Amino acid sequence: MSYNISITKVETSKVDALDFNNIPLGTTFTDHMFICDYENGEWVNPRVIPMGLIPTHPAAMALHYGQAIFEGMKAYKDTEGAPMLFRPKENAKRLNKSADRMGMPNIPEDLFVEGLKELVGLEHNWIPPTDGSALYLRPFMYADEPFIGMRAATHYKFIIMASPAGPFFSKRIKLWAEKQFIRAAQGGTGEAKAAGNYAAAIRPTELAKAKGYDQVLWLDAAEHKYIQEVGTMNIFFKINGEFITPELDGSVLHGITRASVIEMLRAMNFTVTERKITIDEIKTASENGTLEEAFGTGTAVGIAYIQEIGLEDETIHVSDESPIGLEVNDTLNAIKTGKLDDQFNWMTKVEKELA
Ligand SMILES: Cc1ncc(COP(=O)(O)O)c(C=O)c1O
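Residues numbered from 1 in each chain as written. Predicted model: local features only at pLDDT ≥ 70, side-chain atom pairs only at ≥ 80, totals over all residues. Heavy atoms only, no water.

As recorded in an unreviewed UniProt entry, the protein chain goes by the name Branched-chain-amino-acid aminotransferase, listed as coming from Winogradskyella psychrotolerans RS-3. Database annotation for the protein chain, UniProt heading Sequence similarities (unreviewed entry): "Belongs to the class-IV pyridoxal-phosphate-dependent aminotransferase family." UniProt lists a comment for the protein chain under the heading Function (unreviewed entry), and it reads "Acts on leucine, isoleucine and valine." (UniProt positions renumbered as here; feature names shortened; annotations may be inferred.)

(A) Local environment of the overall build of the protein chain. Counting its regular elements, the protein chain contains seven helices and 18 strands. At 21 Å, the protein chain has a C-alpha radius of gyration in line with the 20 Å of a compact globule built from 355 residues. Reported as C-alpha extents along the three principal axes, the dimensions of the protein chain are approximately 60 × 50 × 35 Å. Within the protein chain, buried positions represent 51% of all 355 residues. Put simply, of all contacts in the protein chain between residues at least 6 apart along the chain, 71% involve residues at least 24 apart. As displayed, the protein chain offers around 16,100 Å² of accessible surface, 50% of which is attributable to carbon and sulfur atoms. (Helix = DSSP H or I, 4+ residues; strand = E, 2+ residues; numbered from the N terminus. Rg over C-alpha atoms; globule rule 2.2 N^0.38 Å. Buried < 20%, exposed > 50% of the residue type's maximum accessible area, 1.4 Å probe, protein only. Contact = heavy atoms within 4.5 Å. Areas by Shrake-Rupley, 256 points an atom, 1.4 Å probe, with all protein chains shown as cover.)

(B) Here's a closer look at the domain arrangement of the protein chain. The domain architecture assigned to the protein chain consists of domain 1 (6–169 + 344–349) and domain 2 (173–319). Domain 1 and domain 2 are separated by 27 Å when their C-alpha centres are compared. At the interface, 19 residues of domain 1 touch 21 residues of domain 2. Between domain 1 and domain 2 the total buried area reaches about 1,800 Å² when both faces are included, carbon and sulfur atoms providing 65% of it. Where domain 1 meets domain 2, there are one salt bridge. Counting across the interface, domain 1 meets domain 2 through ten residue pairs in polar contact (both at pLDDT 80 or more). For the side of domain 1 that touches domain 2, the elements supplying multiple residues, two or more each, are strand S4 (68–70), strand S5 (73–77) and helix H2 (88–101). (Domains from an automatic or database assignment. Buried area = accessible area lost by both parts, 1.4 Å probe. Salt bridge = Lys/Arg side-chain N within 4 Å of Asp/Glu carboxyl O. Polar contact = N/O pair within 3.5 Å; in protein donor to acceptor, adjacent residues only side chain to side chain.)

(C) Here's a closer look at empty space enclosed by the protein. Here the structure, examined in full by the defined rule, presents one cavity of 30 Å³ or more. As a volume, the largest cavity reaches approximately 80 Å³. Around the largest cavity, the lining residues are Gly72, Met73, Lys74, Tyr76, Phe86, Asn91, Ile256, Thr257, Thr299 and Lys336. Among the secondary structure elements, those contributing two or more residues to the lining of the largest cavity are S5 and helix H5 (256–267). Looking at the lining of the largest cavity element by element, the count peaks at three residues for S5. (1 Å grid on protein atoms, 1.4 Å probe; cavity = no way out; pocket = protein on both sides within 12 Å on 5 of 7 lines; lining within 4 Å. Points joined across faces, edges and corners; volume = space filled by probe spheres on them.)

Below you can see the structure in the form of structure tokens.
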């Protein structure tokens, strides 16, 4: 289906003022954003307009009851400079899964992808040309109905904004295995990319950073024993030649990088098992020398190599090298930037200036 997306362009782009070799993290936004409203049971008025403030009623339900969900993805340039999106339909599907859990309306996948294409086509000059850089895209949905009372809202906004992101220099990271706070419990919202999940993670992450760690390694809520995921990444271990990653048990985000890495590793003839993994199993594997690699996977970083895990007053040494992780990361980056054949059929090309 084709949507009638109206376009209002800025008079002068701000892109010339950006130093692509020194992009400030998360504070630069492109000239435009995509917006769509949900009223009377349908999505209406899809439009691209200049990036700017949105009038918000103080009783907007997202501010009080937290109906707010989001996605994170990136646009890249191929070798000829054409903008490309990585698996955008998967983000649309995941947003709708989050919406289902949070009592919010689904957005048609086609509208999600068309909105992305329209925005990225218009903003293609904002995609950083430097290796490892990309245009970060943030599709999100929130309840903007002014109402005091506990029920699903009837008005929502779906917005996509874009922010150029510089290269991420992968240093080996240190994780703190969290035994006091939890991220997600069975039956909770862990599988949704809901804003509240991140709010609840802020304080534990700050405490972990104060102890010298980069991110939290979340353990299960009931026993603080099983590994779930990392702050904004899923996690993989290589033990005795086999890759293992926590199963998607309802409390782990279905990472799109996770799914892609599983497919790539299997294509490389590795065994990848999705199952429950205890933190003690990782400690034992580290002690007996069978823990060969560990890395996190996510849109922001691609693959982040894990050096050690703090567990109460002990340190689990993980690895100084991640040859397979490195190979997978390089291959993934090359596919995303059109340097390697898109053998998995993951990339969606965007026409420049669709408008
Ligand atoms: C909690 C959490 N887990 C995992 C991921 C990785 O997901 P993806 O690979 O889709 O970016 C993210 C990032 O979106 C995240 O926020």
